[in-house]
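Structural overview
This is what each chain is made of:
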Amino acid sequence: MRIIPFAISTIVTAGLVFAFNRPLGPLPMPLGKFISPQHGLWQNAEPSGQRFDGDLSFPELKGKAEVYLDERLVPHVFAENDEDLYFIQGYLHAKFRLFQMDLQTKAAEGRASEIAGKKAINFDKEQRRLGMVYAAENAMKEVDKDPQSKAMFDAYTNGVNAYISSLKASEIPIEYKLLDITPEKWTNIRTALLLKMMAKMLSSGTENDLANTNAKSVFIPDELKMMYPQVPDSLEPIVPKGTTFEKPGIVPIKPETADSLYFGKKETVTAHEISKPDINNGSNNWVVAGSKTQSGSPILCNDPHLELSLPSIWYEMQLRTPTSNVYGVSLPGSPFVIIGFNDSIAWGVTNAQRDVKDYYEIKFKDKTKEEYWFNGKWEKTTRKVETINVKGGKDVLDTVAYTVFGPVMFDESFSNDLSNKRNLAVRWVAHDASNEAVTFYKLNRAKNYDDYAAAISTFECPGQNFVFASKGGDIAIWQQGRFPARWDRQGLYIMPGEDSSYMWQGFIPQTENPHSKNPERGFLESANQRPVDSTYPYFIPGSYVTARGITIERKLAAMSGITPTDMMQLQNNYFNTTAEDVRSILLSYVKEPGLTTSEKKYLDLVKNWDLMGSPDSKGQTIYQCWMDSLMMGIWQDDLTRTKPISPWPSEQTTMELLKKDTAMKFIDDITTPEKETLYDVVTTALKKASVGLAKDEAAGKLEWTKFKNPTVYHLIKDLKGFARPGLKVGGAGNIVNAVTHSHGPSWRMIVQLSTPTEAYGVYPGGQSGNPGSKYYDDFLNNWVEGKYNKLWFMRDGDRTDKNVKWVMKFSKI
Amino acid sequence: MKFLTATFLTALLAFISGLFLPWWGIAITSLLVAVLVHQKAGKAFLAGMLGVFLLWAGLAWWIDMKNNGVLSKKVAAVLPLGGNALLLILLTGIVGGLVAGFAAMSGSFLRATDK
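Residues numbered from 1 in each chain as written. Chains lettered and ligands numbered in written order. Predicted model: local features only at pLDDT ≥ 70, side-chain atom pairs only at ≥ 80, totals over all residues.

On to the overall build of chain A, then. On a plain count of helices and strands, chain A comes out with 23 helices and 28 strands. Oriented by its inertia axes, the alpha-carbon framework of chain A measures out at about 90 × 75 × 65 Å. A total of 813 residues make up chain A; the buried ones form 53% of that total. Within chain A, residue pairs in contact and separated by at least 24 positions form 72% of the contacts whose partners lie at least 6 positions apart. (Helix = DSSP H or I, 4+ residues; strand = E, 2+ residues; numbered from the N terminus. Buried ≥ 20, exposed ≤ 12 C-beta atoms within 10 Å, placed from the backbone. Contact = placed C-beta atoms within 7 Å.)

Take a look at the structure:
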C-alpha cells in the first residue's frame, strides 16, 4: 500500500464528496445528491409516456373507489362515501401538488424563515403578529364542534399523509431537492391555515387604515371625501340600482368623543405592513338567465384574479359519491370543490373587497406588555412568545401581546421607527371562530336556491360575492360575509383603544347582506365594485374596483341569445372603460403646439387607439404611461405632505374629479409658485411619459404585451427557469381580461345549466405540480389565447369511455 | 482488457449502489473495483472516472430523452448553465466521474506494493 498517495487521493475523494454533499454557492442544494441520476433531479423527469394507473389500498378507507384520469390528467373520483372521497382528494392533492401545499401553509403560519433564512424573518413576524395561527386555531375549534366537518378534515389529512408516507426519498418533488428539505406531515390545522391564507389574501389588504391616518393628519374632511370617495359617480353596483333596502337591523352609534379623539387627531403613523396583499386580487363573475340565452338555460361565468403561479393555485377535479356529484376547481390543501357545478347548480366567487380589519391604539403599562389600559383600569394581556426557526441562523423570539381587540401587531419591536412607538392592536373578522369549509361541503351538494342560500349563510371571512344559477332556472348573487356595522367613517383610521367605545357594536344581520335573485333584467354580475348604491343603510368602506363592473354591465345589458362562446369572448374582453373617459380629457387638454415630433407621434397613437388593451396595442402602453405620469403630476405633491406618503386616490376617482371640475384644487403643484392648470399637467405628463416611452420604443417594447411582459412565476419566484415569461396576452387590472405582469384570471369557467350541462374552463398552468412533467403548464397556451378546455362531467356509464386514460383503484387493506 | 473490465464493473456496481445507498455510494464501489481489478493509479482513475461518467451521463441522457427535455432545460436555467440541457448532462457525468475517479485512484494505491 502506498500510504501517502493513498492518503492524498482519499482526502481528495472525501473532499469532493463533502463538497458535493452540501450547498455550493448561493443554491441551497447539495450538488451530488441533486445531480445523481438515481436520487436527484433526473428522478423528477417524468417520461412523456408516463402511465398513472395503480392499485392502492389503505387501512383508512371504508370501501372501494376508482379515480378515472382523463387526457388532461383531471381526476374523476368515484367513491362510495364522503370519507373515502376526501381521503382520495387529499391523496391526489399530495400526489400532484405536495410542495405548494406544504410551502403555502408554512408561509401562512410564519415559518418561511425555515426555508428562506434570515430574509424572511420580518415576513414571519408579521404573519404571527397578524394572528394567522390564532385565526386558524379558532377556526379549528368550530370544525371540531361539528362531527361531520371534522370527519371530512380527518379523511383529507389522512389521504395527504398516506401519500407522503408512500414517498421514497428519490420521489419527492424537485423543489424539496433544490431547497434540501423534506415534506412535512399534514394536519387538520394546516387546512385551516390554508383557508386563512386565502382570508389574508382577500380580506386583509382591503383596508388602508394606517396610510389613511396619515392622510387625515393634513387633509380636511372635505378633501378626504374628494380623494377617497365612498360611492363612485359611475358605479354600477352588484345589486341592481333601484333595489330598495330594508330598515337596518342595527344602527351603530358614533362615540361622543369621536370629533376630538378620532377625527380630530392629527398624529401620523410610520408602521406599515410588509406583505400587504395585492390590490389587484379581484375577480369577475356573472350569470345570465335563460331569458337572455340561446339555449334558454342560465349560463354562469367566473374568473377569479389572483397572483398567477406555477404550480397553479387551482387543481381541477370531479368528486362523486352515490349522493353527490360535483366538478370544478379545488385548492390543494383543502377538501371540497371551491368553484364549480354539480348536477343541479353552479356557483362562483369574487372578492367582496370590504374592509373587515381595523387598528386600535393600545396603551401598555410598561415594556413588558403585560398590562394595557382599558375602560379605566389596567387589564392583563395574553402574551404569546413566538419562536421563529431560521435556516442557517439562530432562533428569533418575538413576544406578541393579545388584547380584547386582538393581537398587538405593531409595537416598538416591530415595523415602527423609534420616534413613533405606537402600539396597534388589530381587530380582524378572520380571527373570529367560524367554519368556512362547511359552506363548500354544502355547496358541492346544493340542489336549488334554498340549499345555496343556506350553504353560504354561515360563511364569514373572506367576504365573497357568491353567484348562483340552477337548472331550475334561478339566478342569484349574495355578497356574503360577516361585516361589522360601522358608524360613518368608523375604522377608516386608527381608533382609540383605551376603552370599549370605539369597538364594533355589532354586525350587519346576515339577511341584510346585499343580494339579488332573478332580477327582471335577466343578469347579475360582480367585479369587485361597491355592492350597493348610496341607499344601502350601512357605512361599508372597502377597496372597490369600479371599471370592470361597468364594462360587464354594459355588455350584458346589450346582449341577447347568449351562447357560451359569447361568454368566452366577454371573459377575454380587452376594452378599457377607464381609458374611454380619461382619453377624452387627455386629448381635450393637451397643448399640441409645443410638442416635439416624438411626443406628437405618441399623442397620435393615443388619438387613433381603439381603446383595447390588446397584446399588440401601442396605444394602451402610451395611454397607461401618460396616465401614470398624470397621476404623479396631480397627486404626488399633495400626498407627500405626509411621511409616509398618503394613499393614492384611484384612477377612477381622479377621472371622476376631472370630469366634474377641470379646475379642481389638486391639479395645482403646491411646490411651485405658479398656478398649474389642467392644460399644464396633462401636457407635462405627456412630455415626461415620452422620455420613458422613447426608451421602451428603442428597446422594442412599445407593444403592450412586450411592455408589461406577462409572466407566470414559479411559487418560488427566484426559480426563473421554472417560470413562463413573455406570454402574449393583453389586459390590465381595470380591464375584464385582467392580466397584469404576473396577476390575473387564475381560472376561467363557463357553465351552461342545460341538459346535459355544458361547461368550459381553463387555468394558466397544468394539473401536475412537477416542472418535469408535460402536465406542468399544458393549459397555459390555451389560456393565453383565450381558448377553453371542455369540462368532461363524467357519468356513471362512462367508466369505459375513451376519455378515460388511466384508472387508479383504491380499496381497504 | 483490464481497463474495460474495471470501467464496466465500476459502472455496474455504481448502478447497484444507487438503488440502495446515497449518491456517494459510488465512491465506495469505485474504490472496491480498483482494489479488485488492480491497475496503476492513472489508469484506475481513468477507468473509475469513465465508468461513472458513462453511467451517470448515460442515465441522464436516457431519462432526458424519455422526458423530451421538459425538465433538463428548466433545471439548466436554474443552475447557471444558460438553459443548456447538454451541459447539465455533462455536468452530471463529471460530478459522478470525478468522485469515482479519485476513489478508484485510492483503491489502486491501497493495493499497490511499496517500491
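Of the regular secondary structure elements, chain B holds five helices and zero strands. Counted from the first residue to the last, chain B has its helices and strands arranged as α-α-α-α-α. Here the analysis covers contacts within chain B between residues at least 6 apart in sequence; of these, 73% occur between residues at least 24 apart.

The next thing to look at is the sheet that holds strand E16 (residues 408–410) of chain A. Across the sheet, four strands lie side by side as E16-E17-E11-E20 (chain A); this open sheet has mixed pairing. The open sheet has two free edges, formed respectively by E16 and strand E20 (495–496) of chain A, since each of these has just one partner strand. (Pairing = 2+ DSSP bridges.)

Here we take up the packing of helix H18 (residues 597–607) of chain A against helix H21 (residues 678–698) of chain A. Residue and element names in this part refer to chain A. Running from amino to carboxyl end, H18 crosses H21 at an angle of 95°, the nearest separation of the two axes being 10 Å. Overall, the two elements H18 and H21 adopt an arrangement that is roughly perpendicular. Seen from H18, the contacting residues are Ser-598, Glu-599, Tyr-602 and Leu-603; seen from H21, they are Leu-686, Lys-687, Ser-690, Leu-693 and Ala-694. Class assignment of the residues belonging to the contact of H18 with H21 gives a composition of five nonpolar, two polar and two charged. (Axes fitted to C-alpha atoms, helices over the stretch in contact; angles between N-to-C directions. Parallel < 35°, antiparallel > 145°, perpendicular 65-115°, else oblique. Nonpolar A, V, L, I, M, F, W, Y, C, P; charged D, E, K, R; others polar.)

This next bit is on the packing of helix H3 (residues 41–66) of chain B against helix H5 (residues 85–111) of chain B. Residues and elements named next belong to chain B. Two numbers describe how H3 lies on H5: the axes approach to 6 Å, and their chain directions differ by 150°. For the element pair H3 / H5, the angle class is roughly antiparallel. Read as a crossing pair, H3 and H5 show a hand that is right-handed. Considering only residue class, the contact of H3 with H5 consists of 22 nonpolar, nine polar and one charged. (Left-handed = near helix turned anticlockwise from the far one by under 90°.)

Once that is clear, we can look at the domain arrangement of chain A. Residue and element names in this part refer to chain A. For chain A, the assigned domains read domain 1 (50–109 + 144–171 + 178–264 + 284–353 + 438–491 + 509–573 + 736–813) and domain 2 (577–708). Look at where the C-alpha atoms of domain 1 and domain 2 centre, and you get two points 36 Å apart. Counting residues at the interface gives 20 residues for domain 1, matched by 13 residues for domain 2. Within the residue set of the side of domain 1 that touches domain 2, elements represented by two or more residues are helix H10 (209–218), helix H11 (221–227) and helix H15 (547–558). Sort the elements by how many residues they give to the side of domain 1 that touches domain 2 and H10 lands first, with six residues. Considered class by class, the residues forming the side of domain 1 that touches domain 2 number ten nonpolar, nine polar and one charged. (Domains from an automatic or database assignment.)

On to the nonpolar core. A:Ile88, A:Val287, A:Leu424, A:Phe468, B:Val99 and B:Ala104 are the most contacted members of the largest nonpolar core, which has 237 residues in total. Here this core takes 14 residues from H3(B), the largest share from any one element. Core analysis: the next-biggest nonpolar cluster, separate from the first, contains 28 residues, A:Trp626, A:Ala685, A:Ala689 and A:Leu693 among them. (Core = buried A, V, L, I, M, F, W, Y, C linked by C-beta atoms within 7 Å.)

Residue and element names in this part refer to chain A. Strand order in the open sheet formed by eleven strands is E1-E28-E2-E3-E7-E8-E9-E10-E18-E19-E21, with mixed pairing between adjacent strands. The open sheet has two edge strands with one neighbour each: strand E1 (54–58) and strand E21 (515–517). Sheet twist, expressed as the average angle between the axes of neighbouring strands with direction ignored, equals 15°. Contacts from helix H14 (residues 449–456) reach strand E10 (345–351), strand E18 (464–470), strand E19 (475–480) and E21 within the one sheet, and its direction differs from that of E18 by about 165°.

In many reports, interface size means the accessible area that the parts give up when they come together. Contact with chain A, which involves 35 residues of that partner, is made by 36 residues of chain B. Residue assignment for the side of chain A that touches chain B shows that the elements contributing at least two residues are helix H1 (3–20) and helix H2 (31–35) of chain A. Broken down by element, the side of chain A that touches chain B gets its largest block of residues, nine residues, from H1(A).

Look at any regular strand and the pattern is simple: side chains alternate between the two faces of the sheet. All names here are of chain A. With seven of its seven residues buried, E18 lies for the most part within the structure. A two-sided burial pattern is seen for E18, the buried positions comprising Gln-464, Phe-466, Phe-468 and Ser-470 on one face and Asn-465, Val-467 and Ala-469 on the other. Pairing geometry for E10 and E18, over seven bridges, is antiparallel. Among the inter-strand pairings, Ala-346 is bridged to a residue of E18, identified as Ala-469. Both E18 and E19 contribute to a ladder of six bridges, which runs antiparallel. Bridge pairing in E19 links Phe-468 to Ala-476. Taking the residues that link successive antiparallel strands as the turn, the E18-E19 hairpin has four residues, and the phi of Gly-473 there is positive, at about 100°.

Before going further, it helps to spend a moment on helix H16 (residues 564–571) of chain A. All names here are of chain A. Taken residue by residue, H16 has Pro-564, Met-567, Leu-570 and Gln-571 as its buried positions. The buried side chains of H16 occupy one side of the element, clustering within an arc of 115° when seen end-on. As for H16, its buried residues are in contact with strand E5 (299–307), H15, strand E25 (748–752) and strand E26 (758–762). (Arc of directions from axis to C-beta.)

Turning our eyes to something else, we now look at unusual backbone geometry. Most peptide bonds take the trans configuration, and most residues that are not glycine carry a negative phi. All names here are of chain A. Residue Pro-311 is reached from Leu-310 by a cis peptide bond, and omega for that bond is -5°. Within the fold, Pro-311 resides in the loop between strand E6 (309–310) and strand E7 (315–321). Omega for the bond connecting Lys-643 with Pro-644 falls within 30 degrees of zero, at 0°, which places this linkage in the cis form. Among the structural elements, Pro-644 can be located in the loop between helix H19 (618–639) and helix H20 (651–660).

Further remarks concern the environment of B:Leu88. Residue and element names in this part refer to chain B. Turning to its location among the elements, Leu-88 is positioned in helix H5. For the pair Leu-88 and His-38, spaced 50 residues apart in sequence, the C-alpha separation works out to 32 Å. Apart from the residues lying within four places of it in its own chain, the contact partners of Leu-88 are Ser-72, Val-75, Ala-76, Leu-79 and Leu-81.

Further remarks concern the pairing of strand E4 (residues 282–288) of chain A. Residues and elements named next belong to chain A. Of all seven residues that make up E4, seven are buried, and the element is covered over most of its length. With burial as the criterion, each face of E4 is covered, one bearing Gly-282, Asn-284, Trp-286 and Val-288 and the other bearing Ser-283, Asn-285 and Val-287. Strand direction decides the pairing type here: E4 and E5, joined by seven bridges, are antiparallel. Among the inter-strand pairings, Val-287 is bridged to a residue of E5, identified as Leu-300. Where E4 meets strand E22 (residues 523–526), four bridges bridge the pair, whose relative direction is antiparallel. In the strand pairing of E22, Val-288 is matched with Phe-523.

With that settled, the discussion passes to the environment of A:Lys266. Relative to the helices and strands, A:Lys266 is located in the loop between helix H12 (258–263) and E4. Each C-alpha atom of the pair A:Lys266 and A:Leu202 lies 30 Å from the other, and the pair is 64 residues apart in sequence.

Tracing the backbone shows A:Lys367 in the loop between strand E11 (357–362) and strand E12 (371–374). Once the C-alpha coordinates of A:Lys367 and A:Ser560 are considered, the two residues, 193 residues apart in sequence, prove to be 66 Å apart.

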